[in-house]
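Here is how the chains run, residue by residue.
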Amino acid sequence: MRRAARPLDAGILCYLLTLAALVLVTTPALFANEIPLAVSDEYEFLDLKGRNTVILDGGLATVWLSGAFPTQLAMQWVDAAGQPLLEPGGRAIAGLDGVSVADVAIVPRFGGGVFVGFNRFEGFGDANLYVQAFDASGTALWPGEGVRVTEAIDSQGQLTLASDNGGACYACFNEAQTSRVKCQYLDNDGKRLWGPEGLSVRGADGVQVEPVALPDGLGGLIVLWRNQRDPQDGVTDNLLIEGQRFTPLGTPVWGDGLLVRDTLMPEAFGFTPNILAAVGDGAGGAYVALSGRIDIGSANTDVIAQRISALGTLPWGTGVPVIADTAESRHEATVATPDGIAVLTSEANDPGRRLRAFRLDETGSHLWGSEGISVTDPTDLTRHDFASASFGGNEFRVAWTRDVEGAASSLDVVLARFAQDGSPIGPQPEVINDEDNAQFCRSVLFSSSPPQTFVVWEDFRKGDFDDLDVYAARLPTGLIFADGFESGNTSAWTD
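Calculation criteria
Residues numbered from 1 in each chain as written. Predicted model: local features only at pLDDT ≥ 70, side-chain atom pairs only at ≥ 80, totals over all residues. Heavy atoms only, no water. Helix = DSSP H or I, 4+ residues; strand = E, 2+ residues; numbered from the N terminus. Buried < 20%, exposed > 50% of the residue type's maximum accessible area, 1.4 Å probe, protein only. Contact = heavy atoms within 4.5 Å. Areas by Shrake-Rupley, 256 points an atom, 1.4 Å probe, with all protein chains shown as cover. Pairing = 2+ DSSP bridges. Axes fitted to C-alpha atoms, helices over the stretch in contact; angles between N-to-C directions. pLDDT = per-residue confidence, 0-100. Disulfide = S-S within 2.5 Å.

## Some thoughts on the overall build of the protein chain
Argument step 1. What the protein chain contains, in helices and strands, is 1 helix and 33 strands.
Argument step 2. Out of the 495 residues in the protein chain, the part that is buried amounts to 56%.
Argument step 3. Contacts in the protein chain between residues far apart in sequence, at least 24 positions, make up 49% of those at least 6 positions apart.
Argument step 4. Surface exposure of the protein chain reaches about 19700 Å², of which carbon and sulfur atoms provide 55%.

## As for the environment of P427
Argument step 1. When you line up the elements, P427 lands in strand β30 (residues 424-433).
Argument step 2. When its relative accessible area of 29% is taken as the criterion, P427 is described as partly exposed.
Argument step 3. Distance from P427 to R417, taken between C-alpha atoms, is 8.6 Å for residues 10 residues apart in sequence.

## What to know about the sheet that holds strand β7 (residues 101-108)
Argument step 1. Spatially, the 4 strands line up as an open sheet ordered β7-β8-β9-β10, and their pairing is antiparallel. Strand pairing shows two members of the sheet lacking a second neighbour, β7 and β10 (147-148), which therefore form its edges.
Argument step 2. Looking at chain direction, strand β9 (residues 126-134) and β10 are connected through 2 bridges and run antiparallel. Its bridge partner being in β10, Y130 is matched across the sheet by R148.

## Details of the sheet that holds strand β20 (residues 286-292)
Argument step 1. Taken in spatial order, the 4 strands of this open sheet run β19-β20-β21-β22, and their pairing is antiparallel. A single partner strand is all that each edge strand has here, and the edge strands are β19 (276-280) and β22 (320-323). Neighbour-to-neighbour, the strand axes of this sheet turn through a mean angle of 25°, independent of strand direction.
Argument step 2. Pairing geometry for β19 and β20, over 5 bridges, is antiparallel. Directly across from V279, in β20, lies its bridge partner Y287.

## Remarks on the confidence of the model for the protein chain
Argument step 1. In this model, the protein chain carries a mean pLDDT of 86, and residues with pLDDT of at least 70 account for 87%.
Argument step 2. Counted against residues more than four places away or in other chains, residues 1-32, with its pLDDT under 50, gives 55 contacts.
Argument step 3. For residues 479-495, every residue scores under 50 in pLDDT, and the model assigns this stretch 51 contacts once sequence neighbours within four places are set aside.

## Details of the environment of D189
Argument step 1. Structurally, D189 is set in the loop between β13 (180-186) and β14 (199-200).
Argument step 2. With 56 residues separating them along the chain, D189 and A133 place their C-alpha atoms 8.9 Å apart.

## A look at the state of the cysteines
Argument step 1. Taken as a whole and judged by the stated rule, the model has 1 disulfide.
Argument step 2. Disulfide pairing places C172 opposite C183 at an S-S distance of 2.3 Å. When the S-S torsion is 105°, as for the bridge of C172 with C183, the disulfide is right-handed. Separated by 11 residues along the polypeptide, C172 in strand β12 (residues 169-175) and C183 in strand β13 bring together distant segments of the chain.
Argument step 3. With relative accessibility at 0%, the residue C172 sits in the buried group.
Argument step 4. No disulfide involves C169; its sulfur sits 9.3 Å from that of C172, the nearest cysteine.

## With respect to unusual backbone geometry
Argument step 1. The step from Q428 to P429 runs through a cis peptide bond, and the omega angle for that step is -10°.
Argument step 2. Checked against the element boundaries, P429 lands in strand β30.
Argument step 3. That bond from S449 to P450 is cis: its omega, -5°, falls within 30 degrees of zero.
Argument step 4. Relative to the helices and strands, P450 resides in the loop between β31 (439-448) and β32 (451-459).
Argument step 5. Positive phi outside glycine occurs at D103, with the angle close to 50°.
Argument step 6. Locating D103 in the fold gives a position in strand β7.
Argument step 7. Relative accessible area serves as the criterion here: at 17%, D103 is assigned to the buried category.
Argument step 8. Even without being glycine, L264 reaches a positive phi, approximately 60°.
Argument step 9. The residue L264 is located in strand β18 (residues 258-266) in this model.
Argument step 10. On the basis of relative accessibility, which here comes to 17%, the residue L264 falls in the buried class.

## Observations regarding the pairing of β31
Argument step 1. Burial of β31 is extensive: 9 of the 10 residues sit out of reach of the surface.
Argument step 2. Across 9 bridges, β31 lies against β32 in antiparallel orientation. Bridge pairing links Q439 to D459 in β32.

Spelled out as structure tokens, the structure:
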């Protein structure tokens, strides 16, 4: 972000306002006020699984880890005008006793506030999961740093959270000793409702990893996971995607677990990033997108979508190919749309990792054609990484990190916007931040009230790779600003 300009007298201000109006018509560029979320001499970084930021009351809430070791967990809330609401630099909320924390997750809390989950490394081989509830004022509601998710004596990890529709929280995790996924239900007071150690999700025999929890829209829980089978048995089995739905009473709706899709990929792919994503349909079911192979003879990885009904049936059969061509495709992100899902993919063997997007309706039909839309120019061979997506306000948005050609260690954060029919909006892409340093995009989110977009990234702008900071940008919908000018506040102007 450029430095703020010196104060302007009335005549110059009037002239520049007129000039800005002309520039906006001919050379639109999207900028917005930068929000420093975590800037200090410490090493601040976000959870790489994208579970670090949520929309909250028109603004956002972000959690990050601070320090090399031991690490603390900190949080900041930003209001709809982009103003931080908690202490400058964020509020430390876990690890204050010198115990290192990790496995961070945050979700909105029904009635206001958020739930924040994390893992405390309380001894060798002793990693325990905790959740804390915060009300709308940012006040912690449960004792200490939070309540333990399970009383199991073995370690747990890979925490994922989902809110219910009454102020309580679901938590799912991998249990190290059994290599299985379990889930817990914490009520408004932090009491464990599904027993001291939670409930097993069931499913086929094998190592269950990387659960994804989401509300079913009816007060219950949907959880998906990867089943790596038995990596130690000397037999190469296929990686499975499985799922389960629970009522608030803990009743498993999908019996002994649902086989969502055999990926037809070796089990070793189980820890590959972004293989699996899911969004609820609001009626007890879900849409799922995953990396897999269309058929057993396929040499390349494709991206496949599946729909699950509330009763655990699969209306799309074995799944719908999102992208299936000669390219080695990867799933990057999946977001809900008013009538289905939008899926972001990348081409792994392309020098620039070309990004494409596809939109499927509730029947599995392609709304943007079987080839999708190009998010990045296929002739652009600069690298495109760390992509995130959102859909809202009749727009599909993708933010990512773009390698600046010919600039050493210069990685820009950029944004592309598309209408519901897939047509581009404005210049593609629009630069969100072009500091001459390394920046890593982590999230793009849309707030409906007021309508605006937030982009969150990590930043090495100080030129010190031991000092990573966290920033955000606020982008009001429908407004294109040149050089950062917003409303009539000249503090938002830049050189």
